[in-house]
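# Examining the three-dimensional arrangement
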Amino acid sequence: MKDNAYRKQKKRIRRLGKKWHQPLGLLWWKLSHEYHVEPIPGFGDALATATTEWEYGRATIKWYMPDLPKKSDKDLEAYFIHELCHVIVAELREFGKTHEAKCDEAALRHEERVVP
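Residues numbered from 1 in each chain as written. Predicted model: local features only at pLDDT ≥ 70, side-chain atom pairs only at ≥ 80, totals over all residues. Heavy atoms only, no water.

Attention now moves to the nonpolar core. Among the nonpolar cores identified, the biggest contains 18 residues, and L31, W63, L68 and V87 are the most heavily contacted of them. When contributions to this core are tallied by element, the ones reaching two or more residues are α1 (3-20), β1 (30-36), β2 (48-53), β3 (58-64) and α2 (73-89). A per-element tally of this core places α2 first, with four residues. When sequence neighbours within four positions are dropped, the list of residues in contact with W63 reads I13, H33, E34, Y35, H36, I40, L47, A48, L68, L76, Y79 and F80. (Core = buried A, V, L, I, M, F, W, Y, C linked by side-chain atoms within 4.5 Å. Buried < 20%, exposed > 50% of the residue type's maximum accessible area, 1.4 Å probe, protein only. Helix = DSSP H or I, 4+ residues; strand = E, 2+ residues; numbered from the N terminus. Contact = heavy atoms within 4.5 Å.)

Turning our attention to α2. Along its 17 residues, α2 runs 25 Å from first to last C-alpha, staying within 8% of the 24 Å computed at 1.5 Å per residue. When α2 is considered as a whole, its buried residues turn out to be L76, E77, F80, I81, H82, E83, L84, C85, H86, V87 and V89. (Expected span 1.5 Å × (residues − 1).)

One can find E77 in helix α2. Overall, the relative accessible area of 17% leaves E77 in the buried class. For E77, the side chain forms a polar contact with the side chain of W20, separated by 2.6 Å. With sequence-adjacent residues up to four places away left out, E77 is seen in contact with L16, K19 and W20. (Polar contact = N/O pair within 3.5 Å; in protein donor to acceptor, adjacent residues only side chain to side chain.)

Below, the structure written as structure tokens:
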């Protein structure tokens, strides 16, 4: 990915942050974005992933940059909102944790359905 294209995609993401952090009640969170030119480790071909430290109000969204130009502004906005919603509900994962990995996977599948 060339520098110009990379900067353009980062700008699209920053614009969405300005638009959505306040309406979703995330202004008090410390939200970071990481921009990857290789697939996000452990997430296959995912466009984006969110990790949180909800108890501290911190979250990081990782973006796979080469796929962003393929997404319309509307589609990218839907992905952006989806990842922010994961941030909002992440602390509920604690209630799904068990000693069985299968149950943890089930809890995450429920989360995926709930998050728009």
